[in-house]
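Next come the chains, spelled out residue by residue.
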Amino acid sequence: MKNVNPYANLRLDCLLDAMPVEAQHSWLITSCPDERITLYTSMTDEGLWLYGYEVWWARQRLSSQKPSAALGMFRSQREAQLYAIGFLSVYLDYFIKETRSAIRDAEAQLLQASLF
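Nothing here was measured: the structure is a model prediction, and the numbers come from that model.

Q: Looking at this model, I keep getting lost on the sheet that holds strand β3 (residues 49-56). Mind explaining?
A: Whenever strands of a sheet pair, they do so through backbone hydrogen bonds, lying parallel or antiparallel. Overall, antiparallel pairing links the four strands, which are arranged β1-β2-β3-β4 in an open sheet. Looking at strand neighbours, the two that pair on one side only are β1 (25-31) and β4 (62-65), the edges of this open sheet. Along the sheet, successive strands turn relative to each other by an average axial angle of 15°, direction set aside. Judged from the eight bridges that link them, strand β2 (residues 36-43) and β3 form a sheet pairing that is antiparallel. When the sheet's bridge partners are listed, tyrosine 40 is paired in β3 with glycine 52. Most of the contacts of helix α1 (residues 77-90) go to β3, to which it runs at about 35°, and overall it touches β1, β2 and β3. Sheet contacts for helix α2 (residues 97-113): β1 and β2; angle to β1, the most-contacted strand, approximately 135°.

Q: How should unusual backbone geometry be read in this particular structure?
A: Comment: phi is negative for the bulk of residues other than glycine, and the bulk of peptide bonds are trans. A positive phi angle, close to 65°, is found at glutamine 60, a residue other than glycine. Glutamine 60 gets classed as exposed once you look at its relative accessible area, which sits at 59%.

Q: What is the right way to read the side chain of threonine 41 from this model?
A: Mapping threonine 41 onto the fold places it in strand β2. Relative accessible area serves as the criterion here: at 3%, threonine 41 is assigned to the buried category. At a separation of 2.8 Å, a polar atom in the side chain of threonine 41 contacts the side chain of glutamine 77. With residues near it in sequence (within four places) discarded, threonine 41 still touches Ala23, Gln24, His25, Trp49, Leu50, Tyr51, Pro67, Gln77, Ala80 and Gln81.

Q: Is there a simple way to explain the packing of aromatic side chains in this structure?
A: Two measures describe an aromatic ring pair: the distance that separates the ring centres and the angle between the ring planes. Tallied over the entire structure, the rule returns seven aromatic pairs. A centroid spacing of 5.7 Å and a plane angle of 55° characterise the contact between tyrosine 51 and tyrosine 83, whose relative ring orientation is tilted. Of this pair, tyrosine 51 sits in strand β3 while tyrosine 83 sits in helix α1, and the two are 32 residues apart along the sequence. Each member of the pair tyrosine 51 and tyrosine 83 is classed as buried. Centre to centre, the rings of phenylalanine 74 and tyrosine 83 are 5.1 Å apart; their planes meet at 45°, and the pair counts as tilted.

What counts, and at which threshold
- Residues numbered from 1 in each chain as written.
- Predicted model: local features only at pLDDT ≥ 70, side-chain atom pairs only at ≥ 80, totals over all residues.
- Heavy atoms only, no water.
- Pairing = 2+ DSSP bridges.
- Helix = DSSP H or I, 4+ residues; strand = E, 2+ residues; numbered from the N terminus.
- Axes fitted to C-alpha atoms, helices over the stretch in contact; angles between N-to-C directions.
- Contact = heavy atoms within 4.5 Å.
- Buried < 20%, exposed > 50% of the residue type's maximum accessible area, 1.4 Å probe, protein only.
- Polar contact = N/O pair within 3.5 Å; in protein donor to acceptor, adjacent residues only side chain to side chain.
- Phe/Tyr/Trp six-rings, centres within 6.5 Å; stacked < 30°, edge-to-face > 60°.

What follows is the structure in structure tokens.
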């Protein structure tokens, strides 16, 4: 298992209010019958991006966090999503096989987008 987010360098240091905000955009990473992952992003008034997530684990437990500066601020939505994928990758071993594959596919999709 990786212990470090490979996209930690994308996160901007900030001392802003860390109150959660409502999600403006959602991205369904996987919706297999046993697990579900949705990433949320929102843009701040300053033009920076925040992310949040909702993970329904195979054991019917929920982990969720609204978009918040406490999770990090990013220059673009893509950077916020890449950081979120990196965060999920830290816990990759805890997901079922189909979800692990969906997380890797989402990461590849974001990385390919930067080539064009």
